[in-house]
Amino acid sequence: CGLPGEDERIRTANGLIPPDKHDESVASPLSAEEPAKETYMIDWNGVRRKRVATDGAAKFPRDPRLRRAGYGVWVGPGYPHNSSHILGGPVQVVPRAELRAVLHVARTMPEHIEILCDSLFVVEGTQSILDGESWGTRDHQDLGRMLEGVIRARPPGSLLITCLLYTSPSPRDQ
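The model shown is predicted, which means the values in this text are computed figures rather than measured ones.

Procedures and definitions
Residues numbered from 1 in each chain as written. Predicted model: local features only at pLDDT ≥ 70, side-chain atom pairs only at ≥ 80, totals over all residues. Heavy atoms only, no water. Core = buried A, V, L, I, M, F, W, Y, C linked by side-chain atoms within 4.5 Å. Buried < 20%, exposed > 50% of the residue type's maximum accessible area, 1.4 Å probe, protein only. Helix = DSSP H or I, 4+ residues; strand = E, 2+ residues; numbered from the N terminus. Contact = heavy atoms within 4.5 Å. Expected span 1.5 Å × (residues − 1). Pairing = 2+ DSSP bridges. 1 Å grid on protein atoms, 1.4 Å probe; cavity = no way out; pocket = protein on both sides within 12 Å on 5 of 7 lines; lining within 4 Å. Points joined across faces, edges and corners; volume = space filled by probe spheres on them. Nonpolar A, V, L, I, M, F, W, Y, C, P; charged D, E, K, R; others polar. Salt bridge = Lys/Arg side-chain N within 4 Å of Asp/Glu carboxyl O. pLDDT = per-residue confidence, 0-100.

### Looking at the nonpolar core
- Ranked by internal contacts, the top residues of the largest apolar core, which has 23 residues, are Val52, Val102, Val105, Ile113, Ile115, Cys117 and Leu147.
- Listed by contribution, the elements that provide at least two residues to this core are helix H2 (94–108), strand S5 (113–117), helix H3 (120–130), helix H4 (141–153) and strand S6 (159–163).
- Among the elements that make up this core, the one with the highest residue count is H2 (five residues).
- Not counting the four nearest positions on each side in its chain, Val105 is found in contact with Val52, Thr54, Val73, Ile113, Ile115 and Arg154.
- Counting residues in each nonpolar core, the second largest holds five residues, with Ala69, Tyr71, Ala97 and Ala101 among its members.

Pasting the structure below:
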């Protein structure tokens, strides 16, 4: 291993990453026989919302030669629409994976939802769209513009996003 583009095997492997097809379909509703295992919340307007957690991650996040990213969606224990996906395309970074997860949920879950996301970048961008603004000049313009279109096509108020920030305990608290 030397410089990032030096190893022919790494350049070849990077060229094999499939493009992102953006081919999600709307999730099918659960049948009457399947017990509802998802988590709901009632918002301040009395609207029942399904809670959906999203996350993005990467293997070797600090090494652009080896980095591979993916994202996941979790609705509830044993829920059939829980899923994980490989991030397609040449840009393999965690913020893009986080954004792709939110886009996936916005596209596939037409009901009233609250998305739980731990990326402040994604939450702020999504909230700006929900507030009637645009994705602006933020990174990952292609996905941001797609998310704008999906949110604008949804019924107003059908999507909320909440930022989950994780902190480790202070050494004084231990």
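Additional details are given in the paragraphs that follow.
### Some remarks on H2
- In this model H2 runs 21 Å from its N-terminal to its C-terminal C-alpha over 15 residues, within 8% of the 21 Å that 1.5 Å per residue would give.
- Here H2 has its buried residues at Arg96, Ala97, Glu98, Leu99, Arg100, Ala101, Val102, Leu103, His104, Val105, Ala106 and Thr108.

### Focus: the pairing of strand S2 (residues 48–59)
- By the bridge criterion, four bridges tie strand S1 (residues 39–42) to S2 in an arrangement that is antiparallel. Along S2, the bridge assignment pairs Ile42 with Arg48.
- Hairpin connection between S1 and S2: a loop of five residues separates the two successive antiparallel strands, and Gly46 in this loop has a positive phi of roughly 80°.
- One ladder, built from four bridges, connects S2 with S5; its direction is parallel. Bridged to Lys50 within S5 is Ile113.
- Bridge analysis of S2 against strand S3 (residues 68–74) gives seven bridges, and the strand direction is antiparallel. Of the residues in S3, the one forming a bridge with Thr54 is Val73.

### Describing the side chain of Thr54
- Relative to the helices and strands, Thr54 is located in strand S2.
- The contact partners of Thr54, leaving out residues within four places of it in the chain, are Gly72, Glu98, Ala101, Val102, Val105, Ile115, Leu116 and Cys117.

### What to know about the layout of surface pockets
- Each pocket or cavity is described by its volume, and for the largest pocket that value is around 230 Å³.
- As a volume, the second largest pocket reaches approximately 190 Å³.
- Taken together, 14 residues line the second largest pocket, and the ones lying closest to its centre are Pro19, Asp20, Lys21, Asp23 and Ile86.
- Taken together, the elements giving at least two residues each to the lining of the second largest pocket come down to strand S4 (83–86) and H2.
- Here the lining of the second largest pocket is built from residues that sort into five nonpolar, four polar and five charged.

### Thoughts on the pattern of salt bridges
- Applying the stated criterion to the full structure yields six salt bridges.
- In this structure, Glu114 and Arg51 form a salt bridge, with 2.7 Å as the shortest nitrogen-oxygen distance. Placement of Glu114 in strand S5 and of Arg51 in strand S2 is noted, with a sequence separation of 63 residues between them.
- The exposure class assigned to Arg51 is partly exposed, which follows from its relative accessible area of 31%.
- Here Asp142 and Arg96 are joined by a salt bridge, their closest N and O atoms 2.6 Å apart.

### Regarding the confidence of the model for the chain
- Summing up the model confidence of the chain, the mean pLDDT is 83 and the portion of residues at 70 or higher is 79%.
- Across residues 167–174, where pLDDT falls below 50, the model places one contact with residues more than four positions away in sequence or in other chains.

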